[in-house]
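# Results of the structural survey
Below, each chain spelled out in residue letters.
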Amino acid sequence: ARAKQEVDEDGRCPGTENWMCLECGAIRCSRYQNGHSLAHWESTKQNNDSNINNNSNANVRNDNTDTAGHCVAVSFSDLSVWCYECRAYVKHPTLLSPLLTQLEHLKFPNSG
């Protein structure tokens, strides 16, 4: 039997409510199941923070520095987009519409 916290060999969580990281495509379960999506964000945030702190020019930051980690994910259940850094759902019709339309076609191939 599989342990509740176990992640598959390919890094995917066996949970039923999965989220996909919009930065790297990692698929993990929701924060209300085993919390692997939340853990993914926290680990990428820690990795980015430590990379910045280990940089010899730590006091010099450019606009490309990512301190938020992989904070934005989309739910396969309802196609909602969540930002862990903001602790809020993301709603932007212009930026998200192409992505959500494509995901909707993949989830419901015979609709419209």
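Up top is the structure these notes are about.
Quick look at the structure, then.

## Focus on the overall build of the chain
When its secondary structure is counted, the chain shows 2 helices and 5 strands. Ordered by position from N to C terminus, the α and β elements of the chain give β-β-α-β-β-β-α. Looking at the chain alone, contacts between residues at least 24 apart form 42% of all its contacts between residues at least 6 apart. Carbon and sulfur atoms make up 48% of the accessible area of the chain, which amounts to about 7700 Å² in all.

## Quick look at the side chain of His70
Structurally, His70 is set in the loop between helix 1 (36-54) and strand 3 (72-75). Residue class for His70 comes out buried when judged on its relative accessible area of 18%. At a separation of 3.3 Å, a polar atom in the side chain of His70 contacts the side chain of His40. Not counting the four nearest positions on each side in its chain, His70 is found in contact with Cys21, Glu23, Cys24, His40, Trp41 and Thr44.

## Looking at the packing of aromatic side chains
Two numbers describe a pair of aromatic rings. These are the distance of the centres and the angle of the planes. Considering all chains together, one arrives at 3 aromatic pairs under this definition. Seen from their ring centres, Trp82 and Tyr84 are 6.5 Å apart, and the 80° between their planes marks the pair as edge-to-face. This pair shows no difference in class: Trp82 is buried, exactly as Tyr84 is. Ring centres of Trp82 and Tyr89 lie 4.8 Å apart, and the angle between their planes is 75°; on these two criteria the pair is classed as edge-to-face. Classification of Trp82 by relative accessible area gives buried; the value is 10%. An aromatic cluster is present here, built from Trp41, Trp82, Tyr84 and Tyr89 joined pairwise through their rings.

## Concerning the pairing of strand 3
Pairing analysis gives 3 bridges linking strand 1 (residues 18-21) to strand 3, with the strands arranged antiparallel. Its bridge partner being in strand 3, Cys21 is matched across the sheet by Ala73. Here strand 3 pairs with strand 4 (residues 81-83) via 3 bridges, running antiparallel. Bridge pairing links Val72 to Cys83 in strand 4. Hairpin connection between strand 3 and strand 4: a loop of 5 residues separates the two successive antiparallel strands, and Leu79 in this loop has a positive phi of roughly 60°.

## Brief notes about unusual backbone geometry
Backbone geometry at Leu79 places phi at a positive 60°, although glycine is not the residue there. Tracing the chain through its elements places Leu79 in the loop between strand 3 and strand 4. Under the relative-accessibility criterion, Leu79 is labelled buried at 14%. Not every positive phi belongs to a glycine, and Arg87 is a case in point at roughly 60°. Following the sequence through the fold, Arg87 ends up in the loop between strand 4 and strand 5 (88-89). With relative accessibility at 69%, the residue Arg87 sits in the exposed group.

Conventions used here
Each chain has its residues counted from 1, following the order in which its sequence is written. In view of the model being predicted, local features appear only for residues whose pLDDT reaches at least 70, and side-chain atom pairs are presented and counted only at 80 or more, with totals across whole chains, interfaces and linings using the full set of residues. Values shown for side chains rest on all heavy atoms present in the structure; no hydrogens or waters enter the calculation. A run of H or I in DSSP becomes a helix once it reaches four residues, and a run of E becomes a strand once it reaches two; helices and strands are each numbered from the N terminus. Here, residues are in contact when the closest pair of their heavy atoms is within 4.5 Å. Areas reported here follow the Shrake-Rupley algorithm with a probe of radius 1.4 Å; residue values treat only the protein chains shown as occluding. Per-residue accessibility, obtained with a 1.4 Å probe over protein chains only, is compared with the maximum for each type, and a residue is labelled buried under 20%, exposed over 50%, and partly exposed between these values. Nitrogen and oxygen atoms within 3.5 Å of one another constitute a polar contact, given that in protein one can donate a hydrogen and the other can accept it, and given that sequence-neighbouring residues count only through two side-chain atoms. In summary, the pairing rule links any two rings of Phe, Tyr or Trp, Trp by its six-membered ring, whose centres are within 6.5 Å, and it sorts them by plane angle into stacked for under 30 degrees, edge-to-face for over 60 and tilted for everything else. Only strands that DSSP links by at least two bridges are regarded as paired with each other.

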